[in-house]
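This is what each chain is made of:
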Amino acid sequence: MGERINIPMVDRARDAMIAISFLWVVFGFVVAGRVVARHRGIGLGLDDVLAVAAFCLTGTTIGFNAAVFSSGVGHDMVPDSPLFPTLMNNLEFMMKITFIFTIVYVWALFALKMSQLWFYLRAFSVHLKVWIWIVSGICIAWAIIFTFVLTFLCDPIEQQWTLMRIGKCMDQILVLKCVIMTNILTDLMIIVLPMRTVWSLQMRTTEKVAVASCFAIGLACVVIGLVRFGEIFVIDMIGNFTGTSFTTFMLCSIELMLAGICINIPMLRPFYTRWRKKYKSSADNSGYADPSTGQGARSGKATPLPSVKGNYNAWIELEDDKDRDSDSNNDGCSERKLTTSTAARPDPEVGSPTEPSAIHVSTKWTITRD
């Protein structure tokens with residue numbers, strides 16, 4: 001193989017690079033918001049570290065796409081084409097990038113899966129601990145097994161990218177099909193895992209649907225996986241690799257970006273809660289009375305992000321106790337049922353239960369059932 005020669009990207013490759021880069025920027029903003037919200041709320045955990053690791057691994061796929069797109073992916077390998085000699089010269093380089101890409105792809109998916117599962121462990125450990133560990137074990141085995149298989153697909157390993165016949169290989173397309181289908185199955189396991197627990201929470205049906213939808217948006221990645229499974233049948237590894245692999249390269253990166261966005265968006269809830277309270281305060285200051293007290297407008301001061309560090313059984317970052325009590329006639333009431341366990345305690349001075357405004361909130365946050 002000679003030195004790699006740069007080939008101008010086709011229009012669709014350039015458009016794909018713009019779309020992938022945009023999604024990665026969105027992914028970055030969402031992860032940054034997650035880290036800030038967790039730092040100010042219940043504190044950072046392993047799920048947050050894994051989310052950041054997945055973001056970094058996913059970013060490398062942009063470089064891989066740029067490398068193969070500028071080396072000829074997107075151009076058909078037609079023998080009488082003037083680009084054919086250049087494509088053949090670059091083919092070994094593109095196969096090396098493909099080898100590295102598949103390994104990074106597996107571990108980026110693994111980091112995303114484990115980030116979500118570790119979040120489940122923090123949130124639903126009382127009810128789903130055993131199932132979470134089982135699915136985690138499956139994901140760990142999945143990543144290790146396919147890393148081993150993809151690495152030693154050929155004997156010797158360099159047969160995966162060299163154009164010379166120096167060894168033998170397993171069916172690479174069959175292995176990639178197995179990677180895609182098992183990835184879809186583990187994604188479905190992770191999506192379904194918390195649904196029964198969510199549906200048993202003390203919430204209005206509309207809220208249950210909203211919470212379940214947060215976890216179910218990962219179905220978009222399942223759809224992409226199914227599309228990729230169909231595209232695998234199109235790839236011609238021998239006769240026209242550059243002309244048939246473009247969609248697969250693009251969808252691999254898009255799948256990672258969307259998966260990262262999907263699992264991190266629910267963690268931005270503290271910002272939504274803060275915005276909702278600020279908006280409500282603004283509405284109150286416009287002349288609306290507080291329906292729970294009959295009093296006039298309340299202060300428009302923005303509510304800071306809650307701080308409940310150390311309570312790892314929290315479902316998602318919680319509102320302050322005062323804020324939850326003040327929202328007793330809206331979503332805050334059902335949220336309190338979702339995330340906290342409250343009980344009136346006797347007043348040590350008068351020997352009677354305290355008034356609702358003085359109810360003590362347990363320091364152990366749990367999910368209650370109907």
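Here the structure is a predicted model, which means the values were calculated and not measured. (Residues numbered from 1 in each chain as written. Predicted model: local features only at pLDDT ≥ 70, side-chain atom pairs only at ≥ 80, totals over all residues. Heavy atoms only, no water.)

Looking at the overall build of the protein chain
Counting secondary structure elements, the protein chain contains twelve helices and four strands. Within the protein chain, the proportion of its 370 residues that are buried is 49%. Intrachain contacts of the protein chain at a sequence separation of at least 6 include 75% that bridge at least 24 residues. A total of about 17900 Å² of accessible surface is found on the protein chain, and carbon and sulfur atoms cover 67% of it. (Helix = DSSP H or I, 4+ residues; strand = E, 2+ residues; numbered from the N terminus. Buried < 20%, exposed > 50% of the residue type's maximum accessible area, 1.4 Å probe, protein only. Contact = heavy atoms within 4.5 Å. Areas by Shrake-Rupley, 256 points an atom, 1.4 Å probe, with all protein chains shown as cover.)

Some thoughts on the pattern of salt bridges
Per the stated rule, a full pass over the model turns up nine salt bridges. Arg 34 serves as the salt-bridge partner of Asp 47, at 3.1 Å between the closest nitrogen and oxygen. Note that Asp 47 is positioned in helix 2 (residues 46-69) and Arg 34 in helix 1 (residues 11-40), a separation of 13 residues in sequence. For the residue pair Asp 47 and Arg 34, the accessibility class agrees, reading buried in each case. Here Asp 47 ties to Arg 122 by a salt bridge, and the two come within 2.7 Å at their closest N and O atoms. Pair noted here: Asp 47 is in helix 2 and Arg 122 is in helix 3 (residues 84-151), with a separation of 75 residues, a long-range link. Neither Asp 47 nor Arg 122 differs from the other in exposure class; each is buried. Ionic contacts of the salt-bridge type, sharing partners, join the residues Arg 34, Arg 38, Asp 47, Asp 48 and Arg 122 into one network. (Salt bridge = Lys/Arg side-chain N within 4 Å of Asp/Glu carboxyl O.)

Comments concerning the environment of Ala 67
Relative to the helices and strands, Ala 67 is located in helix 2. According to the relative accessible area criterion, Ala 67 is buried, its value standing at 15%. A sequence separation of 26 residues divides Ala 67 from Phe 93, and the C-alpha atoms of the two residues are 9.0 Å apart. Excluding residues that lie within four positions of it along the chain, Ala 67 makes contacts with Arg 4, Phe 93 and Ile 97.

Remarks on helix 7 (residues 219-232)
With 14 residues, helix 7 extends 20 Å between its outermost C-alpha atoms, agreeing within 8% with the 20 Å of an ideal straight helix rising 1.5 Å per residue. Residues of helix 7 that are buried in the fold lie against helix 3, helix 4 (172-192) and helix 9 (246-264). (Expected span 1.5 Å × (residues − 1).)

Here's the deal with the UniProt feature "transmembrane region" (unreviewed entry) in the protein chain
Under the UniProt annotation, the feature "transmembrane region" (unreviewed entry) is placed at residues 16-37, 49-73, 93-110, 130-153, 173-197, 209-227 and 247-268. Taken end to end, residues 16-37 comprises 100% helix and 0% strand; its first and last C-alpha atoms sit 31 Å apart. Taken as a whole, residues 130-153 contains 92% helix and 0% strand, while its terminal C-alpha atoms sit 34 Å from one another. (UniProt positions renumbered as here; feature names shortened; annotations may be inferred.)

Some thoughts on the nonpolar core
Membership of the largest hydrophobic core comes to 84 residues, with the highest contact counts inside it found for Phe 69, Tyr 105, Leu 117 and Tyr 120. Leaving out residues up to four positions away in the same chain, Phe 69 has contacts with Ile 7, Met 9, Ala 13, Ala 16, Met 17, Phe 246 and Phe 249. (Core = buried A, V, L, I, M, F, W, Y, C linked by side-chain atoms within 4.5 Å.)

Re the packing of helix 2 against helix 9
Direction vectors running N to C along helix 2 and helix 9 enclose 160 degrees, while the axes themselves pass 10 Å from each other. With respect to helix 9, the element helix 2 is oriented roughly antiparallel. Handedness of the crossing formed by helix 2 with helix 9: left-handed. Contacts between helix 2 and helix 9 involve Ala 51, Thr 58, Thr 61, Ile 62, Asn 65, Val 68 and Phe 69 from the former and Phe 246, Phe 249, Met 250, Ser 253, Leu 256, Met 257 and Asn 264 from the latter. For the contact of helix 2 with helix 9, the per-class residue count stands at nine nonpolar, five polar and no charged. (Axes fitted to C-alpha atoms, helices over the stretch in contact; angles between N-to-C directions. Parallel < 35°, antiparallel > 145°, perpendicular 65-115°, else oblique. Left-handed = near helix turned anticlockwise from the far one by under 90°. Nonpolar A, V, L, I, M, F, W, Y, C, P; charged D, E, K, R; others polar.)

Quick word on the state of the cysteines
Using the criterion set out here, one finds one disulfide in the structure. Each disulfide pairs two cysteine sulfurs, and for Cys 154 the partner residue is Cys 169, the sulfurs being separated by 1.8 Å. Linking Cys 154 and Cys 169, the disulfide has an S-S dihedral of approximately 110 degrees and is accordingly described as right-handed. Taken together, the positions of Cys 154 in strand 1 (residues 154-155) and Cys 169 in strand 2 (residues 168-169) put the pair 15 residues apart, joining distant regions of the chain. Judged by its relative accessible area of 6%, Cys 154 is buried. Accessibility expressed as a relative area gives 37% for Cys 169, which makes it partly exposed. You can see Cys 262 has no disulfide; the closest cysteine sulfur is in Cys 221, sitting 4.7 Å from it. (Disulfide = S-S within 2.5 Å.)

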